[in-house]
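Close look at the chain arrangement
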Amino acid sequence: MNTLEYSVILVHSTSHAVKAEQVLARAGIASKLIPVPRQISSDCGSCIRVERLHVQRAQHEMESAGLEVDGVHDIG
Amino acid sequence: MTDLDVIYFDNAATSWPKPPVVLEAMNHFMNKVGANPGRGAHRRAVESGRIVYAAREAVARLVNAPDPLRVVFGSNVTEALNLALNGLLRPGDHVITSSMEHNSLMRPLRFLQHRQVELTVVPCSPQGFLEPEAVKRAIRRKTRLVALNHASNVIGTLLPVGEVGAIAREHGLLLLVDAAQTAGALPIDMQESAIDLLAFTGHKSLYGPMGTGGLALGARVLEGDLSPLKRGGTGSRSEWEEQPSFLPDLCESGTLNVVGLAGLEAGIRWVTERGVEAIRAHEMALTRRLIDELRPIPTVRVYGGQDPERQTATVAFNIDGLAASEVGLRLDEENAILCRVGLHCSPAAHQTMGTYPAGTVRFGFGAWNTVEEVDQAVAAVRKLAEGRP
Ligand SMILES: Cc1ncc(COP(=O)(O)O)c(C=O)c1O
């Protein structure tokens, strides 16, 4: 059973999400692009899921790379 | 490549053949990926998004653009130039261009003149050279933009974009460069040359497929100053009925040509692996050989600066007493040499060169061409020039 807790980071678009994925990989933070959960937004694009443990560092890495973060949400 | 049934010297129109990796990348996308990037987020959609992003990165790295997210894709350089010119210029603005431009830049500017945009066309020499000081002298209080080709598609002459870039910066103007003939063929550094908007096409020296191109934006171009050519679905901000204000989505409505962009990324990868400098050296050697062999033929007139260092691998010439169209036809029919004749969509350039309206014959070399092909072509031209059957 998967017991990890996750957060999602919202960005402007899939192009931004792919850039974020690379920035995080370079920083050694595992991430996955997933559909934006419906309860968070009705956007039809993707967002970045990371372990909740790393979310602050992930946000910092992204912002240092010039990526605007639209929102951070904990998910189940 | 020596096993082709033709000698393909029309690379200035579009490069051919395409590297095998380009076809493989396009095949891979069609067979194994296929999804719409950024519309939905299933694994294939994300993969498709990664392919598009890799193409943005490839372009940004090649031309030293500040950010892959500021590389906007479209169908070709013509669309990119239309986006830049229509997107930036407002009634009352003044813009400076040269007399060596392709119609893809000239026609949108002539159109904008009817919309109260003021235009100065700075004359070039008959060899196609532009004096940076002449650009400086044309600057007015309302000048907003300088728009130039990096190299002429007719005679290959390089324009001094770096020097003009420095002048533009000094006067607070933006510089737009049409790099259709040079992206991939010559080193380009947007930041060092102070290029604010670089328009490129995928199907020439980037060795990608037709239907790909775009505009790389420097940091000085503000999103708020750029009005998109079209508005519509972007896959982002679906809840908004207003166009997103951020790049690249601001300027990329509608599903992209992802199969084409997969090919473009592979083409740029191929160019980068060969090395832009190495391709340039090879093309310069072919150009030098052609010019050196054609020049002594008494009835052949070679146009341009006739210096491979100051031009791309494009050479324009005429044979006295023979129409360019006749030369082209006979080279094709008798020697399977494929080139382009006429005005090459650039009436202004031919007026500058003194070859309007007759036009010229144009050979455009690419990375695949060989010395043997150049020698065969020289022999064929010599035969026509000497009036031998
Ligand atoms: C200098 C220049 N500008 C614009 C173009 C138009 O290119 P495209 O048809 O790919 O938009 C070309 C090539 O045809 C060119 O050489």
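Residues numbered from 1 in each chain as written. Chains lettered and ligands numbered in written order. Predicted model: local features only at pLDDT ≥ 70, side-chain atom pairs only at ≥ 80, totals over all residues. Heavy atoms only, no water.

1. Remarks on the site of the ligand
Residues and elements named next belong to chain B. Stated formally: In these notes, residues near a molecule or strand are those with any non-hydrogen atom within 4 Å of it. In protein, a polar contact means a hydrogen-donor-capable atom and an acceptor-capable atom, both N or O and within 3.5 Å, with residues adjacent in sequence counting only if both atoms are side-chain atoms; elsewhere, any N or O pair within 3.5 Å suffices. All accessible-area figures derive from a Shrake-Rupley calculation using a 1.4 Å probe, and residue coverage is judged against the displayed protein chains alone. Classes in brief: Ala, Val, Leu, Ile, Met, Phe, Trp, Tyr, Cys and Pro nonpolar; Asp, Glu, Lys and Arg charged; the others, Gly included, polar.
Looking at the ligand, the residues that line it are N76, V77, T78, H102, S104, N153, D178, A180, Q181, T201, H203 and K204. With respect to the ligand, the backbone of V77 contributes an N or O atom lying 3.4 Å from an oxygen atom. With respect to the ligand, the side chain of H203 contributes an N or O atom lying 2.7 Å from an oxygen atom. Expressed as a share of its isolated accessible area of 390 Å², the protein-covered part of the ligand is 87%. Among the residues forming the shell around the ligand, the class breakdown is two nonpolar, eight polar and two charged.

2. Some thoughts on the domain arrangement of chain B
Residue and element names in this part refer to chain B. Threshold: Domain delimitation in this document rests on an assignment produced automatically or drawn from a domain database. Residues count as neighbours in contact if any of their non-hydrogen atoms are within 4.5 Å of one another. Accessible surface is computed with a 1.4 Å probe, and the buried area is the amount of it that two parts give up when combined, taken over both parts together.
Under the domain assignment used here, chain B contains domain 1 (3-18 + 275-385) and domain 2 (20-273). For domain 1 and domain 2, the distance between their C-alpha centres works out to 27 Å. Tallying the contact residues gives 37 residues for domain 1 and 38 residues for domain 2. Overall, the association of domain 1 and domain 2 removes approximately 3,000 Å² of surface from exposure, summing both partners, and the carbon and sulfur fraction of that is 60%. Taken as a group, K18, V276 and T352 account for 21% of the area that domain 1 buries against domain 2, more than any other trio of residues on that side.

3. Description of the interface of chain B and chain A
Rules: Within this document, salt bridges are pairs made up of a side-chain nitrogen of Lys or Arg and a carboxyl oxygen of Asp or Glu, the two lying within 4 Å of each other.
On the side of chain A, 19 residues touch chain B, which itself brings 21 residues to the contact. With its nearest N and O atoms 2.4 Å apart, the salt bridge here joins D70(A) to R237(B). Seen at the junction of chain B and chain A, the total is eight residue pairs in polar contact (both at pLDDT 80 or more). In the side of chain B that touches chain A, the residues fall into seven nonpolar, six polar and eight charged.

4. Structural notes on unusual backbone geometry
All names here are of chain B. Just so we agree on the cut-off: Helical segments are the DSSP runs of H or I of at least four residues, strand segments are the runs of E of at least two, and each set is numbered from the N terminus.
Geometrically, the link from W16 to P17 is a cis peptide bond, its omega value of -5 degrees lying close to zero. A cis amide bond links L247 to the next residue, P248, at an omega of 0 degrees. As for its position among the elements, P248 is in the loop between strand 8 (213-217) and helix 7 (258-274).

5. Quick notes on the pairing of strand 1 (residues 6-10) of chain A
Residue and element names in this part refer to chain A. Stated formally: Relative accessibility under 20% of the residue-type maximum defines a buried residue, over 50% an exposed one, and the middle range a partly exposed one, all with a 1.4 Å probe and only protein chains included. Pairing between two strands is assigned when DSSP locates at least 2 bridges connecting them.
With five of its five residues buried, strand 1 lies for the most part within the structure. Residue alternation in strand 1 divides its side chains into two sets, Y6, V8 and L10 and S7 and I9, and both sets are buried. Pairing analysis gives five bridges linking strand 1 to strand 4 (residues 71-75), with the strands arranged antiparallel. Bridge assignment links Y6 to a residue of strand 4, and that residue is I75. Direction of pairing for strand 1 relative to strand 3 (residues 46-51): antiparallel, over a ladder of four bridges. By the bridge assignment, V8 is partnered in strand 3 with R49.

6. Let's talk about the sheet that holds strand 2 (residues 71-74) of chain B
Residues and elements named next belong to chain B. Note the following rule: Note on definitions: angles span 0 to 180 degrees between N-to-C directions of axes, and those axes are lines fitted to C-alpha atoms, for helices only across the stretch in contact.
Strand order across the open sheet formed by seven strands is 2-8-7-6-5-3-4, with mixed pairing between neighbours. Of all the strands in the sheet, just strand 2 and strand 4 (118-122) have a single pairing partner and so form its edges. Between one strand axis and the next, the sheet turns through 20 degrees on average, direction left out of account. The sheet contact formed by strand 7 (residues 197-201) and strand 8 spans five bridges and is antiparallel. Bridge pairing in strand 8 links A199 to L215.

7. A closer look at the side chain of D10(B)
Considering the arrangement of structural elements, one finds D10(B) in the loop between strand 1 (7-8) and helix 1 (20-33). Non-local contacts of D10(B), meaning those with residues more than four positions away in its chain, are made with L338(B), C339(B), R340(B), R362(B) and G364(B).

8. Overview of the pattern of salt bridges
Pairs can form between side chains of opposite charge once their charged atoms are near each other. Residue and element names in this part refer to chain B. The final tally for this structure, using the stated rule, is 22 salt bridges over all chains. Across the pair E170 and K136 runs a salt bridge, and its minimum N-O distance is 3.9 Å. Residue E170 is found in helix 6 (residues 161-170), and its partner K136 is found in helix 5 (residues 132-138); the two are separated by 34 residues along the sequence. Residue class for E170 comes out exposed when judged on its relative accessible area of 57%.

9. Focus on the pairing of strand 5 (residues 143-149) of chain B
All names here are of chain B. Here is the rule we go by: By definition, the crossover connecting two strands over a helix is right-handed if that path, from the first strand to the second, turns clockwise as seen with the strands pointing away from the viewer.
With six of seven residues buried, strand 5 lies mostly within the body of the structure. Across three bridges, strand 3 (residues 94-98) lies against strand 5 in parallel orientation. Residue H94 lies in a different strand from strand 5, and its bridge partner there is T143. Tracing the backbone out of strand 5, into helix 6 and back to the parallel element strand 6 (residues 174-178) gives a crossover that is right-handed.

10. Concerning the sheet that holds strand 13 (residues 360-364) of chain B
Residue and element names in this part refer to chain B. What the four strands build is an open sheet, ordered 9-10-13-12; its pairing is antiparallel. Two strands in the sheet have a free side with no partner beyond their single neighbour: strand 9 (300-302) and strand 12 (340-342). Adjacent strand axes in the sheet meet at a mean angle of 30 degrees when their direction is disregarded. Bridge count for strand 9 against strand 10 (residues 314-319) is three bridges, and the pairing is antiparallel. Residue pairing for strand 10: R301 is matched across the bridge by N318. Its contacts with the sheet put helix 8 (residues 276-294) on strand 9, strand 10 and strand 13, and the angle it makes with strand 10 is roughly 15 degrees. Running over the sheet, helix 11 (residues 371-385) touches strand 9, strand 10 and strand 13 and is turned about 20 degrees from strand 10.

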